[in-house]
Amino acid sequence: MWPIEKWTITALSSAGIVLFAALVLGLVGPNEATLRYLLRATACTSLLQFLAAFGATSAHAVLRTPVSAWTVSNRRYLGVAFAISHFIHLGFIVWLARVYPDPFFSNTGLSFWLVGGSAYLFIALMTITSFAAPRRWMGEKKWSLLHTTGGYLILFVFFQAYVPKAFMGDVFRMPLAAAILLVVGLRFYRIYRRRQVGA
């Protein structure tokens, strides 16, 4: 049994992000550079938590390690931690847009709002249905469809944000892009292996 389990994961993760953001804002102040830094930082924490939750089953099917088993048993709590992190990220997006609207809105197109807004809608619905009562109300088939569709949409958002720029030489995005590609590879390998077994 690992020392950190279930809601402790969610609580510690969320508290850590809030305390880190408060520390940065307190030391540096809420200028544009600071807000953009916190946007990048919360995007990173969100991505890592999302990959841990979304890739948990596929990773465990291939690796079968204590770490992958822990991730599978706690993916619900990692998923909620991801949602909290990403809504904190949304808070910084709104803050930046309100305080520095001209550079923000001139650098974002319609696709940003459509795809990003859809992703946040799925995050909210997936978080609500992570609890037992809403999941029972939906039924397993609809629940599975919601979480699978939302998971791949969120994966797409992170993919397009990190992978193309990593291939263009962005050093900061390279390890995160590698993590995304690893999870994509594990999921498709698991799908392929299941089809081979069922053939």
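In this text the structure is predicted, and so the values were computed from the model without any measurement.

Novice: Can you walk me through the overall build of the chain in this structure?
Specialist: Helices and strands together make up the secondary structure of the chain, namely 10 helices and zero strands. Listing the helices and strands of the chain from first to last along the sequence gives α-α-α-α-α-α-α-α-α-α. Taken over C-alpha atoms, the radius of gyration comes to 18 Å for the chain, in line with the 16 Å a tight globule of 199 residues would show. Each of the three principal axes of the chain carries a C-alpha extent, and together these read 55 × 35 × 35 Å. The buried share among the 199 residues of the chain stands at 39%. Once local pairs closer than 6 in sequence are excluded, the contacts in the chain between residues at least 24 apart make up 69%. Surface exposure of the chain reaches about 11,700 Å², of which carbon and sulfur atoms provide 71%. With 18 positive and 5 negative side-chain charges, the chain shows a separation of 15 Å between the mean positions of the two kinds.

Novice: It is not clear to me how the nonpolar core should be interpreted in this structure. Could you clarify?
Specialist: Side chains of nonpolar character tend, in soluble globular proteins, to be buried together. In this structure, Phe-50, Phe-158 and Ile-180 are the most contacted members of the largest nonpolar core, which totals 24 residues. For this core, the elements supplying multiple residues, two or more each, are helix H2 (32–54), helix H5 (75–99), helix H7 (110–128), helix H9 (140–167) and helix H10 (174–198). It is H9 that provides the largest number of residues to this core, a total of seven residues. If you look at the next biggest cluster of nonpolar residues, it comprises 11 residues, including Ala-21, Val-24, Leu-35 and Leu-38.

Novice: Help me understand the layout of surface pockets in this model?
Specialist: The probe, sized like a water molecule, is rolled over the atoms to show the empty space still left. Considered as a void within the structure, the largest pocket measures approximately 1,100 Å³ in volume. Every residue lining the largest pocket is counted, 33 residues in all, and those nearest its centre are His-89, Ile-93, Phe-112, Gln-160 and Ala-161. When residues of the lining of the largest pocket are traced back to their parent elements, those giving at least two are H2, H5, helix H6 (101–106), H7 and H9. Residue contributions to the lining of the largest pocket peak at nine residues, all from H7. A volume near 840 Å³ is recorded for the second largest pocket. Along its surface, the second largest pocket is lined by 25 residues, and Ala-53, Phe-54, Arg-75, Trp-143 and His-147 are the ones closest to its centre. Of all the secondary-structure elements, those providing two or more residues to the lining of the second largest pocket are H2, helix H3 (56–63), H5, H7, H9 and H10. Within the lining of the second largest pocket, the residues separate by chemical class into 11 nonpolar, eight polar and six charged.

Novice: Looking at this structure, how should I read the packing of aromatic side chains?
Specialist: Any pair of aromatic rings gets described here by the distance separating the centres and the angle formed by the planes. Taken as a whole and judged by the stated rule, the model has 11 aromatic pairs. Look at Phe-158 and Tyr-162: their rings are 6.5 Å apart centre to centre, the planes differ by 40°, and that puts the pair in the tilted class. Pair noted here: Phe-158 and Tyr-162 are both in helix H9, with a separation of four residues, about one helical turn. Connected via pairs of aromatic rings, a cluster forms that spans Phe-50, Phe-54, Phe-82, Tyr-152, Phe-158 and Tyr-162.

Procedures and definitions
- Residues numbered from 1 in each chain as written.
- Predicted model: local features only at pLDDT ≥ 70, side-chain atom pairs only at ≥ 80, totals over all residues.
- Heavy atoms only, no water.
- Helix = DSSP H or I, 4+ residues; strand = E, 2+ residues; numbered from the N terminus.
- Rg over C-alpha atoms; globule rule 2.2 N^0.38 Å.
- Buried < 20%, exposed > 50% of the residue type's maximum accessible area, 1.4 Å probe, protein only.
- Contact = heavy atoms within 4.5 Å.
- Areas by Shrake-Rupley, 256 points an atom, 1.4 Å probe, with all protein chains shown as cover.
- Lys, Arg positive; Asp, Glu negative; His and termini not counted.
- Charge placed at Lys NZ, Arg CZ, Asp CG, Glu CD.
- Core = buried A, V, L, I, M, F, W, Y, C linked by side-chain atoms within 4.5 Å.
- 1 Å grid on protein atoms, 1.4 Å probe; cavity = no way out; pocket = protein on both sides within 12 Å on 5 of 7 lines; lining within 4 Å.
- Points joined across faces, edges and corners; volume = space filled by probe spheres on them.
- Nonpolar A, V, L, I, M, F, W, Y, C, P; charged D, E, K, R; others polar.
- Phe/Tyr/Trp six-rings, centres within 6.5 Å; stacked < 30°, edge-to-face > 60°.

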